[in-house]
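Given next are the chains, with one letter for each unit.
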Amino acid sequence: MSELTLFLVRVAFLAILWIFVLSAISVIRSDMFGARVPETARGGGPAPTGRKGNGKPKKPRRGAPTHLLVVEGDNPGTRAELADAPLLIGRGSDAAIKLDDDYVSTRHARVAASGDEWFVEDLGSTNGTYVGPVRITQPTTIGVGVQVRVGKTILELRK
Amino acid sequence: MSQTGTLMGFVHRRRRGAELFLLVLALAVGIGAYAAVGLGLEGQVPADIVGYGGWLTALIVAAHVTVRIVAPYADPVLLPLVAALNGFGLAILRRLDITYEALDDPHTFARQQLVWMTLGVVLFIVTLVLMRDHRVLQRFTYTAGLTGIVLLVLPFLPLIGREINGARIWINVAGFSFQPGEVAKVMLVIAFSGYLVLHRDALALAGRRVVFVDLPRGRDLGPIMAMFGISMMILVLQNDLGSSLLFFGLFLAMLYVATERPGWLVVGAALFAAGALAAYTFVGNVQNRFNFWLDPLDYYDDSPGSFQLVEALFGQGWGGLIGRGFGDGFPERVPFAYSDFIVSTIGEELGLTAVMAIVLCYGLIVERALRIALISRDGFGKLMAVGLGAIFALQVFVVIGGVTGLIPLTGLTTPFLSYGGSSLVANWVVIALLLRISDQARRPAPRLDPVDESAADSEHTQVVKLR
């Protein structure tokens, strides 16, 4: 095997190695800038990040829910305004909706907005959070009147 | 760490096609390196390249298909990076095997590593398939912590504990030796994440301000002191400087991310300085390492001496910008060229160009881990991603920094490159965990009951019209 061939093999391999690294970087680049904006955010209104900022609170859309209400359980009637979102549900003292239910974890679930949609997210509770009959494993969109069950308590979004 | 990430304004694409494209390139790196090793050392493309390449391809395809099915939104770059590093590492081990065989010291590092890689990919698949939501791990916070500490203590037990090359970090079960510390890293990340996510408020808010820095309260120092104690125990009892540094650095990084308080870094750095000084004074090994780093050439002939480091530095210097080419270097002059010093082998035969590419690959892995942490919706996932990324960052910095003479040398494996089954298998599982968190983080929030919502909407619109 001649010296030149070996040199070319080496250069070719280094080239492949760098082509790989640069392609990986270009995929990361397109991943950063090439992501689609979902329909809900595109429809106007500030991005959901504006919600937490100190700017003017977004005017709620007509028909959008305004508060979260406990409809069944040990503390029926407890409510929290969605304007204060994200809302924490649990037995802890920092929870927006503080429940005395023994089957509820300290930081049980969270209700937050993304665009115009509200979703509920389980925060790793012991007994789980249910939307309808289904135990959720990831943030799940909820509409007005959809029953969310944590422990023995049932909550709903209300207008 | 705000719970509603600032990056939730857009939906991530799945990017599985991009992953496939990168995987093809990664396989070209792995198989190309294997072919180049054959050409350089034996003058021909290895006879078993089809079988070898086929096996590597099968493993990668299996991993890719699994990701496609069970984690469709997972990060597209992590798996290719890991596949390329692992394939490249296998080729380097093969290259060392050939030389060791010529020196009548036959090893089958490459073959064994391929077996370990197979096991690693199988566990990668099992992890992704069985664990559909990383948040279940939060239930095992304290179990994981206890397991991690037990794993760290295992090497001291009689019968199964073994001491190899001066470090008591091995256990021997049924003919296999294993480093439990590699698994302990993952367990401790889970434990720290679960603990910090619950207690970070107390650790973040209380304290007093001393010269621009918020120092934490004395009573909140418990966890950091405990972790410091464990690290020092590893250092003194196991004589393992690298792992000690890794565990303490990992905890510090996660504590800082969880609390957003530089005060912890001040406390941590002070503890580290105190520990380093104590180690320098009382542990002879540490003092040696420090001297070798400052004046490597002065201790060349001593025993223990800096022979290994000096040979590695000579090799890398001789390799220069594009290296000597496979077969034209002398990596066998460096003891442990197949594990801790594998980067010096790469530097000698492929030069700075390849070492930079390798370092960049690790950098990208860490970048992806931090990115996953940024977009993750739950605090536990964020902390876990940071912790797993920090493991890679610290490990690569400590090893490559040591081999290139930037910092005193401490023994740790180079993830995915070095020979070492425990490390390889554990790192594949780490990548599976990262992919699982990123799948959860990048998956758009699903829409439930769209009919119900639109019905309520239209109903209300009618009322407005009437009014």
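Residues numbered from 1 in each chain as written. Chains lettered and ligands numbered in written order. Predicted model: local features only at pLDDT ≥ 70, side-chain atom pairs only at ≥ 80, totals over all residues.

Going by an unreviewed UniProt entry, chain B carries the name peptidoglycan glycosyltransferase and comes from Nocardioides furvisabuli. The Subcellular location (unreviewed entry) field of the UniProt record for chain B holds the comment "Membrane". Per its UniProt entry, chain B bears the Pathway (unreviewed entry) comment "Cell wall biogenesis; peptidoglycan biosynthesis." (UniProt positions renumbered as here; feature names shortened; annotations may be inferred.)

Per an unreviewed UniProt entry, chain A goes by Antibiotic biosynthesis regulator FhaB and derives from Nocardioides furvisabuli.

Asker: Help me understand the overall build of chain A in this model?
Answerer: Helices and strands together make up the secondary structure of chain A, namely two helices and 11 strands. Secondary structure elements of chain A occur, N-terminal to C-terminal, as α-α-β-β-β-β-β-β-β-β-β-β-β. Here chain A, with 159 residues, has 36% of them falling under the buried criterion. Expressed as a percentage of contacts within chain A between residues at least 6 apart in sequence, the contacts between residues at least 24 apart total 40%. (Helix = DSSP H or I, 4+ residues; strand = E, 2+ residues; numbered from the N terminus. Buried ≥ 20, exposed ≤ 12 C-beta atoms within 10 Å, placed from the backbone. Contact = placed C-beta atoms within 7 Å.)

Asker: Help me out: how do you make sense of the sheet that holds strand S9 (residues 140–142) of chain A in this one?
Answerer: By way of backbone hydrogen bonds, the strands of a sheet pair with one another, either parallel or antiparallel. All names here are of chain A. The strand order across the open sheet formed by five strands is S4-S3-S5-S6-S9, and the pairing between neighbours is mixed. At either margin of the open sheet sits one strand with a lone partner, and together these are strand S4 (97–98) and S9. In terms of strand pairing, strand S3 (residues 87–90) meets strand S5 (residues 109–114) through three bridges, oriented antiparallel. Looking at the pairing, Leu 88 lines up with Arg 110 of S5. (Pairing = 2+ DSSP bridges.)

Asker: How should I be thinking about the nonpolar core in this particular structure?
Answerer: Generally speaking, a soluble globular protein has its nonpolar side chains buried in company with each other. Within the largest apolar cluster, 149 residues are counted, with the highest numbers of intra-cluster contacts made by Leu81(B), Leu250(B), Met254(B), Cys361(B) and Leu434(B). Dropping the residues within four chain positions of it, Met254(B) is found in contact with Phe192(B), Leu196(B), Leu383(B), Val386(B), Gly387(B) and Ala390(B). (Core = buried A, V, L, I, M, F, W, Y, C linked by C-beta atoms within 7 Å.)

Asker: How do you make sense of unusual backbone geometry when you look at a structure like this?
Answerer: Excluding glycine, most residues fall at negative phi; most peptide bonds, likewise, are trans. Residues and elements named next belong to chain B. One non-glycine residue, Glu 260, adopts positive backbone phi at about 55°. Note on placement: Glu 260 falls in the loop between helix H8 (241–259) and helix H9 (262–282). Taking the C-beta count within 10 Å as the criterion, Glu 260 has 10 such neighbours and is therefore assigned exposed.

Asker: It is not clear to me how the UniProt feature "domain: FHA" (unreviewed entry) in chain A should be interpreted in this structure. Could you clarify?
Answerer: UniProt tags residues 87–136 of chain A as "domain: FHA" (unreviewed entry). Annotated as 0% helix and 46% strand, the span residues 87–136 of chain A places its first and last C-alpha atoms 17 Å apart.

Asker: Help me out: how do you make sense of the packing of helix H11 (residues 307–319) of chain B against helix H12 (residues 342–375) of chain B in this one?
Answerer: For any two helices packed against each other, the geometry comes down to the angle between their axes and how far apart the axes lie. Residue and element names in this part refer to chain B. Relative to each other, H11 and H12 sit at 25°, their axes nearing to 7 Å. If you check the angle between H11 and H12, you find them roughly parallel. Handedness of the crossing formed by H11 with H12: left-handed. Residues Ala 312, Gly 315, Gln 316, Trp 318 and Gly 319 of H11 touch H12, and the partners they reach there are Ser 344, Gly 347, Glu 348, Glu 349 and Gly 351. Within the contact of H11 with H12, the residues separate by chemical class into two nonpolar, six polar and two charged. (Axes fitted to C-alpha atoms, helices over the stretch in contact; angles between N-to-C directions. Parallel < 35°, antiparallel > 145°, perpendicular 65-115°, else oblique. Left-handed = near helix turned anticlockwise from the far one by under 90°. Nonpolar A, V, L, I, M, F, W, Y, C, P; charged D, E, K, R; others polar.)

Asker: How should the packing of helix H6 (residues 180–205) of chain B against helix H14 (residues 421–442) of chain B be read in this particular structure?
Answerer: All names here are of chain B. Packing of H6 against H14 leaves a shortest axis separation of 8 Å and a crossing angle of 20°. Relative to H14, the element H6 lies roughly parallel. In the packing of H6 onto H14, the handedness of the crossing is right-handed. Residues Glu 182, Val 183, Lys 185 and Val 186 of H6 form the contact with H14, whose participating residues are Ser 422, Ser 423, Ala 426, Val 429 and Val 430. Taken together, the residues of the contact of H6 with H14 break down into five nonpolar, two polar and two charged.

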